[in-house]
Amino acid sequence: MPLVGSLRDLSLPELLSTIAQGGKSGVITIRSDAGTAQIHVYQGRIVQASDTLRDERFGEILLKLGKISHEDLHAALEAQTASGGSRRLGVILVDMGKIAKADQDEAVLSQSCEALYDLCTWQVGFFQFDTHVTPEPTGIAIPVPTLIEEVERRAKAGARARLESLPETFDSPFRTRRELTPPTRPPCSQPPT
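Below or above, wherever it landed, is the structure these notes cover. Note that this is a predicted model, so its numbers are computed, not measured. Within each chain, residue numbers correspond to sequence positions counted from 1 in written order. Local features in this predicted model are restricted to residues whose pLDDT is 70 or higher, and side-chain atom pairs enter the listing and the counts only when it is 80 or higher, whereas totals over whole chains, interfaces and linings include all residues. To get the side-chain values, all heavy atoms of the structure are used, and hydrogens and water are removed first.

1. Remarks on the environment of Ser11
Stage number 1. Its location among the elements puts Ser11 in the loop between strand S1 (3-6) and helix H1 (12-22).
Stage number 2. For each residue, the accessible area found with a 1.4 Å probe, counting protein chains only, is set against the maximum for its type, and the residue is called buried under 20%, exposed over 50%, and partly exposed in between. What makes Ser11 partly exposed here is its relative accessible area of 23%.
Stage number 3. Taking the C-alpha atoms as reference, Ser11 lies 9.6 Å from Phe127; in sequence the two are 116 residues apart. Strands here mean DSSP runs of E at least two residues long; helices mean DSSP runs of H or I at least four residues long; both are numbered from the N terminus.

See the structure below:
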């Protein structure tokens, strides 16, 4: 039976830490109103992660890394379509001789890490960890403590950047407003007689 829960009750870093400590294998599926994500874990280490919110796809990462050309990507996407989408783009590019297995692993690592950094900030959603689903093998293995350290480092850097972007002096729009209550008057003197 899969482990099911809410990210409000158990954050993704907490869930990943528990899975890592137990050396578990399986697939975590996370669903929220914003999108869906999957994290493949093998013996407590993350071997792949992806989400539907990320605009950058595997082929675009290989282009950015300078591993393939636009023509290579187009040919591989056509081959993927011809296979009914059953073959992964990286496998097709390796089979075509356009990239080495190490290039594929580098792109999977880049894609997975960026997805994980985002996913660790999700506070709303539901997860399911299914140990009966075999994670897809890849050439990467991300240790969870290293991932969590990087997530915390990025969160601190983001908070510092937000603080540094605030103006030096904060001028409140209320500083120049008129007082709503009249100033105190000196006590009234006795009227002349």
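2. Description of the layout of surface pockets
A probe matching the size of a water molecule, rolled over the atoms, marks out where space remains unfilled.
Stage number 1. Counted as a void, the largest pocket has a volume near 530 Å³.
Stage number 2. Lining the largest pocket are 27 residues; nearest its centre among them are Gln48, Ser50, Phe58, Arg88 and Gln111.
Stage number 3. Residue assignment for the lining of the largest pocket shows that the elements contributing at least two residues are strand S3 (36-42), strand S4 (45-51), helix H4 (89-95) and helix H5 (101-119).
Stage number 4. A total of six residues in the lining of the largest pocket trace back to one element, the largest contributor, which is H5.
Stage number 5. Polar here means any residue other than Ala, Val, Leu, Ile, Met, Phe, Trp, Tyr, Cys and Pro, which are nonpolar, and Asp, Glu, Lys and Arg, which are charged; Gly is therefore polar. Each residue belonging to the lining of the largest pocket can be placed in one class, and the counts come to eight nonpolar, eleven polar and eight charged.
Stage number 6. Taken as a whole, the second largest pocket encloses approximately 200 Å³ of empty space.
Stage number 7. Elements supplying a minimum of two residues to the lining of the second largest pocket: H5 and helix H6 (144-165).
Stage number 8. The element that contributes the greatest number of residues to the lining of the second largest pocket is H6, accounting for five residues. A pocket here means an open set of points on a 1 Å grid, computed over the protein atoms alone, that has protein on both sides within 12 Å along at least five of seven lines. A cavity is instead a set of points where a 1.4 Å probe fits but cannot get out; residues with an atom within 4 Å of a point line either one. Grid points are joined across faces, edges and corners, and a volume is the space filled by probe spheres set on the points.

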